[in-house]
Amino acid sequence: MSEKLLEEQKLSNYIDGKYVDGKTFRSVINPATGESIVEVPLSGKDSVDAAVDSAKKAQKEWALVPAPMRAEILYKIGALMKERKERLAQLLTMENGKVIEEGRGEVQEGIDMAFYMAGEGRRLFGQTTPAELNNKFAMSVRAPVGVVGIITPWNFPIAIASWKSFPAIIAGNAVVWKPATETPIMAHEMTKIYEEAGLPKGVINVVYGSGGDVGDAMVHHDGIKLISFTGSNDTGRNIASECGRQLKKVSLEMGGKNAVIVMDDADIELAVEGILWSAFGTSGQRCTACSRVIVHEDVKEQLEKRILEEMKGLTIGDGLDEENKVGPIINKAGLDKIKKYIEIGKGEGARLLEGGYEITGGKHEKGYYFAPTLFTDATKDMRISKEEIFGPVVSLISVKSFEEAIEVNNGVTYGLSSSIFTADVNRVFKAQRDLDTGIVYVNAGTTGAEIHLPFGGTKGTGNGHRDSGVQALDVFTEWKAVYVDYSGKLQRAQIDN
Ligand code: NAD
């Protein structure tokens, strides 16, 4: 499969519109099979310097291209992604492991974002507003930030890059993008698309390498005016403190500990479907994955029984096989972390109802597979109820009331996504008001964000910015207030009225 889909054996950085060979490499491993798919360069600071130089030059001209013309290129990018959707989805599944149906869904998110942001080429609205003096005009306009650095994780290698790079370029910025080392193939495929769509050289530069080398060099580079980062909290916190020291703009989207609340009046069958999809989709490796189920005590037994029955139907294996519903874990480190949390959960007194083990042997022998896992009798203070596990592990916490459910949901340091299953309209509206997360679902699981709404979280999940939606433009632009005085005399605001 890899030979047929990907001709290259080694990827190259993409700097100033040229493919630049690397010196040292590491293998990109298909997590479903353990096989090497391609070699990715491990670049260093020199490549980041070259990428920033190229972006600086390109940005000056790009910012002067009228936004509707910039949009024409973005429309072409979207059209090429659409034409290549199946190829991109298959390559995505090979490098990331998510099942092909989800791979297609993720590529679609990228396509949607391209067309949505291309539409912004004819909007990018500012405001006009009355001035406080006669014969004076006031308005606010969006200006590009300049050269922006984008650092992306492996779990959504094309969607998250699209959420960040498309608003960046429509707004007139130039980009230096560092994809995760585990998933560089989507970035490589996108470089071909940028070229074919006619994106001027230097507007997007791709530098492959580790976070400690390439990512760190980007964060420290004074030519990069903004870092837009998605990844883990530890990395994000370090990036934020360095950007704080430099007074560099920084946008962070980080982890989650998302819950589905199931009330006593819920449609239990619907709730089970929602829980299974959001807990075990992408093998639980989504920032929005459901890893807690907060259930009303009156329906706990019924819910537990039905989840267990449905879990037996989950087929686990290579995501390229359409039959499989759950794919592998990204790598051994991911597996080890999940195993550690299984032991922590058992030690804390949660009851393991299903799963809790690595799947090996036969067709699973060479990949990294973990059985979908259900804990029950968890309490809100256990570590498995508070910390991000990033695997197919879900814990049931029983509560006595709606109010307690909200309190348990909010009692974690993260604030990304939450969901409630209930038939009571009053509870629906109270929940959307009181759930302290950036995303709230009613009668649906915790995953399924749409690109034209803001994506991001409260508390430890982020730092107040949003990816996607029109709100993404706030990250990639500066507001400029413009006053035009046509009185012919010097008028002094706040004094001359
Ligand atoms: P990670 O923090 O290990 O890596 C993310 C990116 O940061 C990678 O490209 C990595 O190479 C880079 N990086 C690592 N160290 C760096 C450093 N010192 N300086 C600069 N860059 C560095 O995260 P991951 O394991 O790739 O992704 C999983 C995490 O991402 C989870 O916590 C998940 O919840 C989170 N995530 C959040 C969202 C969201 O929108 N909130 C979406 C997807 C994933």
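This text goes with the structure placed above it.
Keep in mind that what you see is a predicted model, and the values were worked out from it rather than measured.

Student: Before we move on, can you summarise the overall build of the chain with the specific residues and values?
Tutor: If you tally the helices and strands in the chain, you get 15 helices and 23 strands. Over its C-alpha trace the chain gives a radius of gyration of 24 Å, about what one expects of a compact globule, namely 23 Å for 497 residues. For the chain, the C-alpha atoms occupy an extent of roughly 80 × 60 × 40 Å along the three principal directions. The buried share among the 497 residues of the chain stands at 58%. Residue pairs in contact within the chain that sit at least 24 positions apart in sequence constitute 75% of those at least 6 positions apart. Element-wise, carbon and sulfur atoms account for 51% of the exposed surface of the chain, whose accessible area totals about 20,400 Å². Here the chain carries 58 positive and 69 negative side-chain charges, and the mean point of each set is 5 Å from the other.

Student: Summarise the sheet that holds strand β20 (residues 417-421); cite the residues concerned and give the values.
Tutor: The strand order across the open sheet built from seven strands is β14-β17-β18-β13-β12-β20-β21, with neighbouring strands paired in mixed fashion. Two strands close off the open sheet at either side, each with one partner strand: β14 (351-354) and β21 (439-442). In this sheet, neighbouring strand axes are inclined to one another by 20° on average, regardless of whether the strands run parallel or antiparallel. The pairing of strand β13 (residues 290-296) with strand β18 (residues 393-399) spans five bridges and is parallel. When the bridges of β18 are listed, R292 appears paired with S395. Against the sheet, helix α12 (residues 332-348) touches β14, β17 (373-378) and β18, its axis set at about 30° to β17.

Student: Go over the sheet that holds strand β23 (residues 477-485) with me, naming the residues and quoting the values.
Tutor: An order of β5-β6-β23 is seen for the three strands of this open sheet, with the pairing classed as antiparallel. Looking at which strands have only one partner, the edges of the open sheet turn out to be β5 (127-130) and β23. Each adjacent strand pair in this sheet contributes to an overall mean axis angle of 20°, direction not counted. Pairing of strand β6 (residues 136-144) with β23, which is carried by nine bridges, proceeds in the antiparallel orientation. What sits directly across from R142, in β23, is W479.

Student: So, helix α6 (residues 159-170): which residues are in play, and what are the values?
Tutor: Taking 1.5 Å as the rise per residue, α6 with twelve residues should run 16 Å; its terminal C-alpha atoms sit 17 Å apart, in good agreement. Of all twelve residues that make up α6, twelve are buried, and the element is covered over most of its length. Residues of α6 that are buried: A159, I160, A161, S162, W163, K164, S165, F166, P167, A168, I169 and I170. G172, located one to two residues past α6, shows a positive phi value of around 95°.

Student: Describe in detail the environment of I239, supporting the description with residues and values.
Tutor: Looking at where I239 falls in the secondary structure, it is placed in helix α9 (residues 233-246). What makes I239 buried here is its relative accessible area of 8%. Setting aside chain neighbours within four positions, we find I239 in contact with I151, V219, I227, F229 and V250.

Student: How would you summarise the packing of aromatic side chains if you had to cite specific residues and measurements?
Tutor: Counted under the stated rule, the structure contains four aromatic pairs. Between the aromatic rings of Y14 and Y19, the centroid separation amounts to 5.1 Å while the plane-to-plane angle is 45°, which identifies the pairing as tilted. Under the relative-accessibility criterion, Y19 is labelled partly exposed at 33%. Taking NZ or CZ as reference, K10 lies 4.6 Å from the ring centre of F25, over its face. In this structure, K98 packs its charged tip against the face of F156, placed 3.5 Å from the ring centre.

Student: Explain the pairing of β5 to me, using residue names and the numbers behind them.
Tutor: When β5 meets β6, the two strands line up antiparallel, connected through four bridges. Of the residues in β6, the one forming a bridge with Q127 is S140. Between β5 and β6, which pair antiparallel one after the other, the connecting turn spans five residues, and N135 there sits at a positive phi close to 50°.

Student: Give a detailed account of the site of the ligand, specifying residues and quantitative values.
Tutor: Near the ligand there are 25 residues, and of these T152, S232, T235, M254 and E388 occur at the shortest range. One of the side-chain nitrogen or oxygen atoms of T235 is found 2.8 Å away from an oxygen atom of the ligand. Separating an oxygen atom of the ligand from a side-chain N or O atom of E388 is a distance of 2.6 Å. Burial of the ligand by the protein amounts to 85% of the accessible area it has alone, namely 850 Å². Elements with a contribution of two residues or more to the shell around the ligand: α8 (211-220), β10 (226-230) and α9.

Student: Help me get a handle on the pattern of salt bridges, residues and values and all.
Tutor: Scanning all chains against the criterion turns up 35 salt bridges. Ionic pairing is found between R245 and E242, a salt bridge with its closest N-O pair at 2.9 Å. Note that R245 and E242 are positioned in helix α9 at a spacing of three residues, about one turn of the helix. For R245, a relative accessible area of 61% gives the class exposed. Among the salt bridges present, the one from R351 reaches D377, with a minimum N-O distance of 2.9 Å. Here D377 lies in strand β17 and R351 lies in strand β14, a separation of 26 residues in the sequence. Here the salt bridges do not stand alone but share partners, grouping E269, K305, R306, E309 and E310 into one network.

Student: Can you lay out unusual backbone geometry for me, pointing to particular residues and giving the numbers?
Tutor: Most peptide bonds are trans, and most residues other than glycine sit at a negative phi. Positioned with a positive phi, T282 is a non-glycine residue whose angle comes to about 50°. Looking at the secondary structure, you find T282 in the loop between α10 (268-280) and β13. For T282, a relative accessible area of 5% translates into the label buried. At F390, a position not held by glycine, the phi torsion is positive, near 60°.

So, how was this worked out
- For every chain, the first residue of the written sequence is number 1, and numbering continues from 1 onward in sequence order.
- A pLDDT threshold of at least 70 governs which residues receive local features in this predicted model, and a stricter bar of 80 or more applies before side-chain atom pairs are shown or counted, although totals over entire chains, interfaces and linings include all residues.
- With hydrogens and water stripped out, all remaining heavy atoms of the structure feed into the side-chain values.
- Secondary structure follows DSSP: runs of H or I at least 4 residues long count as helices, runs of E at least 2 residues long count as strands, and numbering of each begins at the N terminus.
- As a reference, a globule follows 2.2 Å times the number of residues to the power 0.38, and the radius of gyration itself is taken over C-alpha atoms.
- Only protein chains enter the accessibility calculation, which uses a 1.4 Å probe; a residue is then buried when its area is under 20% of its type maximum, exposed when over 50%, and partly exposed in between.
- Every residue pair with non-hydrogen atoms within 4.5 Å of one another is taken to be in contact.
- All accessible areas in this document rest on Shrake-Rupley with a 1.4 Å probe, and a residue is counted as covered only by the protein chains that are shown.
- Under the convention used here, Asp and Glu are negative, Lys and Arg are positive, and both His and the chain ends fall outside the count.
- Lysine's charge is taken at NZ, arginine's at CZ, aspartate's at CG and glutamate's at CD.
- At least two bridges found by DSSP between two strands is the condition for calling them paired.
- Here an angle of 0 to 180 degrees is reported between the N-to-C directions of two axes, which are lines fitted to C-alpha atoms, with helices fitted over the stretch in contact.
- A helix is expected to span 1.5 Å multiplied by its residue count minus one.
- Each Phe, Tyr or Trp ring, with Trp reduced to its six-membered ring, pairs with another whose centre is within 6.5 Å; inter-plane angles below 30 degrees give stacked pairs, above 60 give edge-to-face pairs, and intermediate values give tilted ones.
- Placement of a charge over a ring requires the Lys NZ or Arg CZ to be within 6 Å of the ring centre, with the centre-to-atom vector within 35 degrees of the ring normal.
- Only a single heavy atom is needed: when it lies within 4 Å of a molecule or strand, its residue is near that molecule or strand.
- Polar contact is the term for a pair of N or O atoms within 3.5 Å; when the atoms are in protein, one must be able to donate a hydrogen and the other to accept it, and sequence-neighboring residues count only if both atoms are side-chain atoms.
- Any carboxyl oxygen of Asp or Glu within 4 Å of a side-chain nitrogen of Lys or Arg constitutes a salt bridge here.

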